[in-house]
Amino acid sequence: MIIVRGIGTGPYVGVGRVKKIWNDEDLLDLKGGEIIVVSRASRDMLSYLHQAGGVVTDYGGLTSHVAIVLREMKVPCIVGTGNGSMKLKEGTTVTVDGKTGNIYEGFIEMDGKTDFLEVHYPATKIKVNLNIPEIAWKVAPWADGVGSIRIENSIIRTGKHPQVLLEEGILNKVISDAVRLIADAFHPKPVWFRTFDIATDELKRLKGGNIEPDEHNPLLGLRGIHKDLKNQEILKAEFEAISILLDEGYDNLGVKVPLVRDVCEYQEAKKIMRESGIRPYRDLPVGASIETPSAALTMDDFIKEGVDFVTLGMSDLAMCSLAVDRRGVKVAKHFNLTHKSVLKMLQMVIEKCNHNNVETCICGHAGSDPAIVRWLVENSISSVSTNPDQILKIRKVVSIAEKTMIKGEFKVT
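Quick look at the structure, then. If you're wondering where the values come from, they're calculated on a predicted model, not measured in any experiment.

**A closer look at unusual backbone geometry**
Part 1 of the argument: Of the consecutive residues H187 and P188, the connecting peptide bond is found in the cis state with omega at 10°.
Part 2 of the argument: Position of P188 relative to the elements: it lies in the loop between α8 (171-186) and β11 (191-194).
Part 3 of the argument: At A323, a position not held by glycine, the phi torsion is positive, near 55°.
Part 4 of the argument: Among the secondary structure elements, A323 is positioned in the loop between α14 (314-322) and α15 (340-355).
Part 5 of the argument: If you check the backbone angles, N357 has positive phi at about 55° while not being a glycine.

**Looking at the side chain of T360**
Part 1 of the argument: Position of T360 relative to the elements: it lies in strand β15 (residues 359-363).
Part 2 of the argument: A polar contact of 3.1 Å, which involves the side chain of T360, links it to the backbone nitrogen of S382.
Part 3 of the argument: In this structure T360 touches V310, I350, C353, N354, I381, S382 and S383, once residues within four positions along its chain are discounted.

**Focus: the packing of aromatic side chains**
Part 1 of the argument: For the structure shown, the criterion picks out 2 aromatic pairs.
Part 2 of the argument: Measuring from centroid to centroid gives 3.7 Å for W192 and F309, while their planes differ by 5°, and the two rings are stacked. One end of the pair, W192, is in strand β11; the other, F309, is in strand β14 (residues 309-313), with 117 residues separating them in the sequence.
Part 3 of the argument: The buried category is assigned to W192, whose relative accessible area is 4%.
Part 4 of the argument: Between Y266 and F302, the aromatic rings sit 5.8 Å apart at their centres with planes inclined by 55°, giving tilted as the arrangement. In this pair, Y266 sits in helix α11 (residues 263-275) while F302 sits in helix α13 (residues 299-305), placing the two residues 36 residues apart along the sequence. No difference in accessibility class separates Y266 from F302, as the two residues are buried.
Part 5 of the argument: In this structure, K127 packs its charged tip against the face of W192, placed 3.7 Å from the ring centre.

**Some points on the state of the cysteines**
Part 1 of the argument: Scanning all chains against the criterion turns up 0 disulfides.
Part 2 of the argument: For C363, which is in no disulfide, the shortest distance to another cysteine sulfur is to C361 and amounts to 4.1 Å.

**Here we look at the side chain of E238**
Part 1 of the argument: Residue position: E238 is located in helix α10 (residues 232-247).
Part 2 of the argument: Buried charge without a salt bridge: E238, with R194 as the nearest opposite-charge side chain at an N-O distance of 8.5 Å.
Part 3 of the argument: Beyond its immediate stretch of four places on either side in the chain, E238 contacts I175, F193, T195, F196 and D228.

Scoring rules and cut-offs
Residues numbered from 1 in each chain as written. Predicted model: local features only at pLDDT ≥ 70, side-chain atom pairs only at ≥ 80, totals over all residues. Heavy atoms only, no water. Helix = DSSP H or I, 4+ residues; strand = E, 2+ residues; numbered from the N terminus. Polar contact = N/O pair within 3.5 Å; in protein donor to acceptor, adjacent residues only side chain to side chain. Contact = heavy atoms within 4.5 Å. Phe/Tyr/Trp six-rings, centres within 6.5 Å; stacked < 30°, edge-to-face > 60°. Buried < 20%, exposed > 50% of the residue type's maximum accessible area, 1.4 Å probe, protein only. Lys NZ or Arg CZ within 6 Å of the ring centre and 35° of its normal. Disulfide = S-S within 2.5 Å. Lys, Arg positive; Asp, Glu negative; His and termini not counted. Salt bridge = Lys/Arg side-chain N within 4 Å of Asp/Glu carboxyl O.

Next up, the structure:
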């Protein structure tokens, strides 16, 4: 019997006893294998959630960082149940189906068949998004590079706010150690390091996190490059970490600036990069993550300023375009990645970049959605960066899309 429904975030299934998390102390009591039920899950919980038999939340969506990382960890996860923390009873056994979003009473045996896909090699580059450096060696043979190194998870696993790590003099080491693992695994394939994009609510629970402001909507608050430009010492430490790796001889690194609202933010980030000893475009490729309408609509300014590559963040672009919190359960039906306003902006950015020989790459949840990926290929995107467990599937999707396009071009009328 289905007792709760939510949004499934991956193909994994888990069975276990319900353990509700009401405070930080409850996290310390976890033994492993429980079905963790929490109203809101945040990235600082991930060091505990990775051992769960499954995770259920009241709030959140497919594009939340916790959902993405848990999928990478192969932990069944269902988000946006609305009232799961109230309906699920402590200690009862439930089955969590991460594919359908259903939670069943008791143990339900699921079909465990796995689709084994042959490896396809499309012309479009297929890259991977990485939150967990330790899995880089497993996925590197199947990917053409890393579209986004999301270093935030490595920071949060320390349990300390970046400011605390900075004051301890180890922030750049934590970053360089994590990035080095990925750069080693993928060399000589390109790996793009994304500077911090951590919302304030995900930093508050860390040691020293009390310095973060209270924000009613953190996703539209102090985050991305705007946040780092307000604390330039932290941004310098990020660039110093990359500089360390460049000095060690790594030549497959790139840096991208996230959630830029205006070319001025991109220019300021490059200025700080130079002050940290890195020469943009000469020492390594530099690009911008286009995730806001203001950036998309001023793409000419970024091209004139100089970008080696551009990544596209459809989740934030849709959120900003439609004025819908992408983590909000009550407005979830209005969140539409493929709204025509979003697609028109993507078309415009891709066209301008292709005309100027700038590589474009889709990152985030959209890179794992077959329908969206097909549309992007049809609109001549250069590369697709997907989740680690979706690489072979997306390779096949892109390969079929490319062949279909070729057949259409040569179809006799």
